[in-house]
Amino acid sequence: MSHPFIFFPSTFISAAPSAELKILHRALTFYDVNCQYNKYLCHRVDESLHLTIPPGMEIIPGIGLWHVHGHQDKCFVRYVSNFILGAARIDGEIMETLWAPLNIISPSARGMSTPHRQECLDFQMNDCNFMKMICMG
């Protein structure tokens, strides 16, 4: 039996039903503190009026390589992607990889007013996302 496998960032449960999620059997989630967060995830979703996990979906928790080293040793072998069957070699860090481009403009942004700094950072993040999008093809 084939098991579709998909990577989701930490926020993957949608309030709106999705046809694509109904065919998935496994979901790999990455979150900085997934060792604790995942313990009560199903309970929190069950208590919600707006969230559901599709029946039969296995949620496999993972912790990114950068954050797992700050955890207990047992978290490394349980949650790092290298030891999760079917997972690719990924770092599991999404936001941290965006910091490097922001470091380029951070000296300039330091002296800006709050609204101007926010606009500058938003522009930089939008440009970064746009460049990733056009380089995918």
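Worth saying up front: this structure is predicted, and the values here are computed from it rather than measured.

(A) Looking closely at the pairing of strand 3 (residues 58–62). Burial analysis of strand 3 places four of its five residues in the buried class, the great majority of the element. Where strand 2 (residues 26–30) meets strand 3, five bridges bridge the pair, whose relative direction is parallel. Opposite Phe 30, over in strand 3, you have Gly 62 as the bridge partner.

(B) Structural view of the pattern of salt bridges. Overall, the coordinates contain one salt bridge when judged by the stated rule. Among the salt bridges present, the one from Arg 26 reaches Glu 58, with a minimum N-O distance of 3.5 Å. Of the two residues, Arg 26 is situated in strand 2 and Glu 58 in strand 3; the sequence distance between them amounts to 32 residues. We classify Glu 58 as partly exposed; its relative accessible area is 42%.

(C) Fine view of helix 6 (residues 114–136). Between the first and last C-alpha of helix 6 there are 33 Å, a value that for 23 residues agrees with the 33 Å anticipated at 1.5 Å per step. For helix 6, every residue scored as buried is listed here: Cys 120, Gln 124 and Cys 128. Each element contacted by the buried residues of helix 6 is listed here: helix 5 (99–110).

(D) Examining the packing of aromatic side chains more closely. Inspection of the entire model under this criterion finds two aromatic pairs. Summarising the aromatic geometry, the rings of Tyr 31 and Tyr 37 are spaced 4.9 Å apart at their centres and angled 65° between planes, so their arrangement reads as edge-to-face. Ring plane angle 70° and centroid distance 5.7 Å describe the contact between Phe 76 and Phe 83, whose orientation is recorded as edge-to-face. Here the basic side chain of Arg 44 rests over the ring of Tyr 37, its NZ or CZ set 4.5 Å away from the ring centre.

The rules behind each value
- Residues numbered from 1 in each chain as written.
- Predicted model: local features only at pLDDT ≥ 70, side-chain atom pairs only at ≥ 80, totals over all residues.
- Heavy atoms only, no water.
- Buried < 20%, exposed > 50% of the residue type's maximum accessible area, 1.4 Å probe, protein only.
- Helix = DSSP H or I, 4+ residues; strand = E, 2+ residues; numbered from the N terminus.
- Pairing = 2+ DSSP bridges.
- Salt bridge = Lys/Arg side-chain N within 4 Å of Asp/Glu carboxyl O.
- Expected span 1.5 Å × (residues − 1).
- Contact = heavy atoms within 4.5 Å.
- Phe/Tyr/Trp six-rings, centres within 6.5 Å; stacked < 30°, edge-to-face > 60°.
- Lys NZ or Arg CZ within 6 Å of the ring centre and 35° of its normal.

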